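Working through the structure, step by step
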Protein chains: 2
Amino acid sequence: MSSYYDYINLDRPALLALLEEKMDKQRYEHVLRVEATGLELARQYGESQVKTSIACLLHDAMKNESDESSRQTIISTNLPLNLLDYGNAIWHGPLAAVFANKQLDLSDEDILNAIANHTYGSDHMSVLEQIVFVADYIEPERDFPAAQKARLIARKNLLAAVGYISQQTLLHLVGKRQRIYPQSFYTYNAYTTQLGEEWDD
Amino acid sequence: MSSYYDYINLDRPALLALLEEKMDKQRYEHVLRVEATGLELARQYGESQVKTSIACLLHDAMKNESDESSRQTIISTNLPLNLLDYGNAIWHGPLAAVFANKQLDLSDEDILNAIANHTYGSDHMSVLEQIVFVADYIEPERDFPAAQKARLIARKNLLAAVGYISQQTLLHLVGKRQRIYPQSFYTYNAYTTQLGEEWDD
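What you are looking at is a predicted structure, and each value in this text was computed from that prediction instead of being measured.

The rules behind each value
- Residues numbered from 1 in each chain as written.
- Chains lettered and ligands numbered in written order.
- Predicted model: local features only at pLDDT ≥ 70, side-chain atom pairs only at ≥ 80, totals over all residues.
- Heavy atoms only, no water.
- Helix = DSSP H or I, 4+ residues; strand = E, 2+ residues; numbered from the N terminus.
- Buried < 20%, exposed > 50% of the residue type's maximum accessible area, 1.4 Å probe, protein only.
- Contact = heavy atoms within 4.5 Å.
- Areas by Shrake-Rupley, 256 points an atom, 1.4 Å probe, with all protein chains shown as cover.
- Lys, Arg positive; Asp, Glu negative; His and termini not counted.
- Charge placed at Lys NZ, Arg CZ, Asp CG, Glu CD.
- Expected span 1.5 Å × (residues − 1).
- Salt bridge = Lys/Arg side-chain N within 4 Å of Asp/Glu carboxyl O.
- Polar contact = N/O pair within 3.5 Å; in protein donor to acceptor, adjacent residues only side chain to side chain.
- Nonpolar A, V, L, I, M, F, W, Y, C, P; charged D, E, K, R; others polar.
- Axes fitted to C-alpha atoms, helices over the stretch in contact; angles between N-to-C directions.
- Least-squares fit on C-alpha atoms with pLDDT ≥ 70 in both.
- Left-handed = near helix turned anticlockwise from the far one by under 90°.

**A look at the overall build of chain A**
Scanning chain A for helices and strands turns up ten helices and zero strands. If you list the helices and strands of chain A from N to C, you get α-α-α-α-α-α-α-α-α-α. Across its three principal directions, the C-alpha atoms of chain A cover 45 × 40 × 30 Å. Buried residues in chain A amount to 55% of all 201 residues. Within chain A, contacts between residues at least 6 apart in sequence are counted, and of these 64% link residues at least 24 apart. In the structure as shown, chain A presents an accessible area of about 9200 Å², 48% of it carried by carbon and sulfur atoms. Considering chain A, the positive charge centre built from 18 side chains and the negative charge centre built from 28 side chains are found 5 Å apart.

**Considerations on helix 8 (residues 145–156) of chain A**
Between the first and last C-alpha of helix 8 of chain A there are 18 Å, a value that for twelve residues agrees with the 16 Å anticipated at 1.5 Å per step. Along helix 8 of chain A, the residues classified as buried are A:A146, A:A147, A:K149, A:A150, A:R151, A:I153 and A:A154.

**With respect to the interface of chain B and chain A**
Contacts between chain B and chain A engage 21 residues on the former and 21 residues on the latter. Counting across the chain B and chain A interface gives zero salt bridges. Here chain B and chain A share eleven residue pairs in polar contact (both at pLDDT 80 or more) between them. Of all the elements in the fold, those that place two or more residues in the side of chain B that touches chain A are helix 9 (158–175) and helix 10 (182–191) of chain B. Among the elements that line the side of chain B that touches chain A, the one with the most residues is helix 9 of chain B, at six residues. In the side of chain B that touches chain A, the residues fall into ten nonpolar, seven polar and four charged.

**A look at the pattern of salt bridges**
In the structure shown here, the tally under the stated rule is 14 salt bridges over all chains. Close ionic contact of B:R142 with B:D136 constitutes a salt bridge, the shortest N to O distance being 3.2 Å. Taken together, the shared-partner salt bridges in this structure form one network comprising A:K51, A:D108 and A:D110.

**Digging into the packing of helix 5 (residues 88–104) of chain B against helix 6 (residues 109–116) of chain B**
All names here are of chain B. Where helix 5 contacts helix 6, the two axes come as close as 7 Å, and the packing angle between them is 145°. Here G93, P94, A96, A97, A100 and N101 of helix 5 come into contact with helix 6, specifically with L112, I115 and A116. Of the residues assigned to the contact of helix 5 with helix 6, the class counts are seven nonpolar, two polar and no charged.

**Some words on the relation of the copies chain B and chain A**
Between chain B and chain A, the superposition needs a rotation of 180° and an axial shift of 0.0 Å, giving an RMSD of 0.0 Å. What the rotation and shift describe, once combined, is the action of a two-fold rotation axis. When C-alpha positions in chain B are compared against the rotation axis, the closest is assigned to B:L171, at 3.1 Å.

**A few points about the packing of helix 3 (residues 49–58) of chain B against helix 6 of chain B**
Residues and elements named next belong to chain B. Where helix 3 contacts helix 6, the two axes come as close as 9 Å, and the packing angle between them is 35°. For the element pair helix 3 and helix 6, the recorded crossing hand is right-handed. Between helix 3 and helix 6, the contacting residues are K51, I54, A55 and L58 on the first element and D110, I111, A114 and I115 on the second.

**Focus on helix 6 (residues 109–116) of chain A**
Think of an α-helix as turning once every 3.6 residues; residues three or four places apart then point the same way. All names here are of chain A. Most of helix 6 sits inside the fold, with six of its eight residues counted as buried. Those residues of helix 6 that fall on the buried side of the exposure criterion are D110, I111, L112, A114, I115 and A116. The inward-facing, buried residues of helix 6 abut helix 3 (49–58), helix 5 (88–104) and helix 7 (127–138). For helix 6, the N-terminal cap is D108; the gap from its side-chain oxygen to the backbone nitrogen of D110 is 3.1 Å.

**Quick look at unusual backbone geometry**
Residues and elements named next belong to chain A. Positive phi outside glycine occurs at D105, with the angle close to 60°. Non-glycine residue R177 carries a positive phi angle of around 60°. Relative to the elements of secondary structure, R177 occurs in the loop between helix 9 (158–175) and helix 10 (182–191).

**Describing the environment of A:G121**
All names here are of chain A. Note on placement: G121 falls in the loop between helix 6 and helix 7. Each C-alpha atom of the pair G121 and G163 lies 10 Å from the other, and the pair is 42 residues apart in sequence. Setting aside its immediate chain neighbours within four residues, G121 contacts F133, Q183 and T187.

Structural data, given as structure tokens:
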């Protein structure tokens, strides 16, 4: 059994206390639901429970940060500057990875990627990246129709769920005429064909 | 008054005869409707009639080419190789520009861009590029609801029509889970905010 100390400088109770401090109650409870959902997916798809727990717990660690502080961190830590053209909805993932690396000594690249990319995915997603991406979309309180369908797909085929979620996210944002972070497009292009025709409405 | 000979090595009757030879009757008639629609937009938005005519007439000049011949031309003329990952629906624009340049001596960059980019747009579209992009979507035989709405928008604001068409094209293709040529995404990002809320359904 691996432990939290294999990856970060805190045990689970201390990590939970830190997160409860950093975010409002609603978000904290969302984070716990994402973790529970992620751990189920990890059992099904053979991923480490500890790595999954750490990635899920930390995925929204910086979502309550102010825009001003976030912008400064993006610049001072050499994150891609095009993040500045988008908002908190996009940059909170990479900022959470920076936080985990600098404050919690997290250096495992797979966990860092899963945290950083949980909103927009990547071109070659590891199982852990897929789990956090999917769990964030299907945790039990997500009750819109696409989340319900994504939940069914995720039980059968995790990659197909990534494809479906990336499609549904694009349809939602393009329908509202929002500018799209380029990686969201690339993730859609990479995974949309993973969803078989058996899932067509 | 400028003439066709200011831009290409043919006059209009010879160009029409060449196109009629290169494509089936349905496509040829579509091309003539795109030209008529483009010339109306050119009058409204102050673009050259001759340049608009040439760009519209040539936009689909290579759409009946075989995939094998198209692939060879993409490679031999140093077009972007990522075109090969997509199909005729994407590459027929740049191939028509190559044809116009090599066979008709067309060297006007604005006309070449308008031909090459008519399917997926570009980040900084000239008025001529906008006209061909829009005319191809709203020519009179396009009768689906989005074309009808795009026609109304184009009468008021050409850039808004570009934004609307790039949005609707994405919604259509993403809804069918088709891979998207990256420039289609970038064009959407560049122009979707040009469409004001007065056009919301």
